[in-house]
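# Examination of the molecular architecture
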There are 2 protein chains.
Amino acid sequence: MRIDLCFTPVQTDELALRDKTVVVIDVLRASTTIVTALTNGAREIIPVATVESAVKISGNLFGDVILLGGERNGKMIEGFNLGNSPAEYTAERVRTKAIIFSSTNGSQALVKARYARDLFVCSFVNVGTAAEALCRIGRDFTIVCAGNNGMLSMEDSVCAGMLIARVSAGVDAPPELADGALAARTLHRAFGRGILKMMRATDHGRHLLDIGFGEDLKICAGVDTLPILPQLDGNVIRVKPAVQGKEPAVQSQAT
Amino acid sequence: MRIDLCFTPVQTDELALRDKTVVVIDVLRASTTIVTALTNGAREIIPVATVESAVKISGNLFGDVILLGGERNGKMIEGFNLGNSPAEYTAERVRTKAIIFSSTNGSQALVKARYARDLFVCSFVNVGTAAEALCRIGRDFTIVCAGNNGMLSMEDSVCAGMLIARVSAGVDAPPELADGALAARTLHRAFGRGILKMMRATDHGRHLLDIGFGEDLKICAGVDTLPILPQLDGNVIRVKPAVQGKEPAVQSQAT
């Protein structure tokens, strides 16, 4: 098993990710928000790269089951129903709803990875569930961190490193780590023991503190608090028993 | 002083680097080769992004003082005089020559940073000299690592971390580190004590070992062995007393 890692979606393109197993990480906050929404009963998340796409798609669908969610630079988009704070995505708001979602960094990463063979959404809140699935699948995979406007984000990197450490502990032979994956594992060793403290000091964490989203950092720093695994299915992200359903075929491939 | 860091030139664009102080690092091997060539008396290095540009520019200049140097994926380019191994750039070959240089990653980074206010070329072999200049200048700066085909390269990151550590030790107030700069400093702390060992295990290091350039790794792992500072001057890279020449103005700005 080889693990590759892109610290920003800018580093890669759709063709490079085609047919691969891909994990998208955007700790602050798209991944955490998507996991929260699906945990709270949202039917599906439809990731789109631009606000224009979000509005266009929503116009073609039934309004009573559709919500628009997302942000630009941490702030809610005019005309949208929800921002990008996981705290907003309560069961009352999102149960049975489809959510068209567009964020500055996270949905760019999701859209770039849309031709992946498997695409999972990971954050600290579901890192263990993601690691278990990757161990079961047993294939090479690529982590795509959302980053911060084209730059490395420390919280995504530390989460990627935690995922790599968990996967490494769960497979028989140590995975081969690309330079980026080794870097992330090293950053997790250095900063993984104080995740909230680390997050308060990162570029994006400090920005969210500045604009009043300090409580979100606590939610996003929770490890394994929401043990579900969102996965892309066609053009939408759902929690589905896909990994389990594929298990027999996957296991026979892995052995 | 704030330090930013791009792990690959793909992450950034010319406008983002315009008028900034920029340090380009491509340990394996463009930065090391450029420092070596200038140490051995080359008059100047002309970085170009494409092989076609290199051939075109060379056609307009006097052949007896011009050499073509560089590589694609570690191998010499057909029709070029020199590859990208620092060992080739001996005084006998390069003294008084202008060298048009095009490499897979390093010259892309140099070309992207061409509108910088100051652009320095750094590798392990001259990291101390680069750090001294940055301390004297006393301004914010951005490190652009060449990376490895759009991915993070561990050897560039560790060298960047060493540069950050040296600069931090040489200025009065601790610099503010962007997430990427903090990541590089952390990687330097983890791997900086065994640079050659680290380099033999990286993606690019292993590739160079595979294609017969093991000796180059030893040259590129030497710390402070070639204490000069190449700097972009117009369209060419030279060793010039520019930093010293600018000192009075720069110092007065910093104070």
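Note that this is a predicted model, so its numbers are computed, not measured.

Rules used in this analysis
Residues numbered from 1 in each chain as written. Chains lettered and ligands numbered in written order. Predicted model: local features only at pLDDT ≥ 70, side-chain atom pairs only at ≥ 80, totals over all residues. Helix = DSSP H or I, 4+ residues; strand = E, 2+ residues; numbered from the N terminus. Buried ≥ 20, exposed ≤ 12 C-beta atoms within 10 Å, placed from the backbone. Contact = placed C-beta atoms within 7 Å. Axes fitted to C-alpha atoms, helices over the stretch in contact; angles between N-to-C directions. Parallel < 35°, antiparallel > 145°, perpendicular 65-115°, else oblique. Nonpolar A, V, L, I, M, F, W, Y, C, P; charged D, E, K, R; others polar. Least-squares fit on C-alpha atoms with pLDDT ≥ 70 in both. Expected span 1.5 Å × (residues − 1). Left-handed = near helix turned anticlockwise from the far one by under 90°. Pairing = 2+ DSSP bridges.

Let us look at the environment of Val48(A). All names here are of chain A. As for its position among the elements, Val 48 is in the loop between β3 (44–47) and α3 (51–59). Residue Val 48 is classed as buried on the basis of its C-beta count, with 23 C-beta atoms lying within 10 Å. Distance in space between the C-alpha atoms of Val 48 and Gly 212 is 26 Å, their sequence separation being 164 residues. If near-sequence neighbours (up to four positions away) are discounted, Val 48 is found in contact with Ser 53, Ala 54, Ile 57, Ile 100, Ser 102, Ser 107 and Val 111.

All names here are of chain A. Their axes nearest at 7 Å, the elements helix α7 (residues 154–170) and helix α8 (residues 179–191) cross at an angle of 100°. Judged by the inter-axis angle, α7 sits roughly perpendicular to α8. Along its contact with α7, which presents Met 154, Ser 157, Val 158, Ala 160, Gly 161, Met 162, Ile 164 and Ala 165, the element α8 presents Ala 181, Ala 184, Arg 185, Leu 187, His 188 and Phe 191. For the contact of α7 with α8, the class distribution of residues is ten nonpolar, three polar and one charged.

With that settled, consider the relation of the copies chain A and chain B. At an RMSD of 0.0 Å, chain A and chain B line up after a rotation of 180° and a shift of 0.0 Å along the axis. Given the turn and translation reported, the copies of this chain are related as if by a two-fold rotation axis. Most of the interface of chain A is mirrored in chain B, where 100% of its interface residues are also at the interface.

Every α-helical turn comprises 3.6 residues, leaving residues that sit three or four positions apart pointing alike. Residue and element names in this part refer to chain A. In this model α7 runs 24 Å from its N-terminal to its C-terminal C-alpha over 17 residues, within 8% of the 24 Å that 1.5 Å per residue would give. With twelve of 17 residues buried, α7 lies mostly within the body of the structure. Three or more residues of α7 are buried, namely Met 154, Glu 155, Asp 156, Ser 157, Val 158, Cys 159, Ala 160, Gly 161, Met 162, Leu 163, Ile 164 and Val 167.

Let us now look at the packing of helix α6 (residues 127–137) of chain A against α7(A). Packed helices, taken two at a time, are described by the angle their axes make and the gap between the axes. Residue and element names in this part refer to chain A. Between α6 and α7, the shortest axis-to-axis distance is 9 Å and the interhelical angle comes to 45°. Put simply, α6 runs oblique to α7. Relative to α7, α6 is oriented so that their crossing is right-handed. Packed against α6, whose contacting residues are Val 127, Gly 128, Ala 130, Ala 131, Leu 134 and Cys 135, the element α7 presents Cys 159, Met 162, Leu 163, Arg 166, Val 167 and Gly 170 at the interface.

Here we take up the interface of chain A and chain B. The partner chain B presents 22 residues to the 22 residues of chain A that form the contact. Elements that contribute at least two residues to the side of chain A that touches chain B include exactly α7 and α8 of chain A. No other element matches the seven residues that α8(A) contributes to the side of chain A that touches chain B. Residue classes in the side of chain A that touches chain B are distributed as ten nonpolar, ten polar and two charged.

All names here are of chain A. The buried fraction of strand β1 (residues 2–6) is high, at four of five residues. Here β1 pairs with strand β9 (residues 176–177) via two bridges, running parallel. Its bridge partner lying in β9, Arg 2 is registered against Glu 176. Relative to strand β8 (residues 141–145), β1 runs parallel, the two being bridged by four bridges. Bridging across to β8, Cys 6 finds its partner in Val 144.

No statement about biological role is implied by the geometric values presented.
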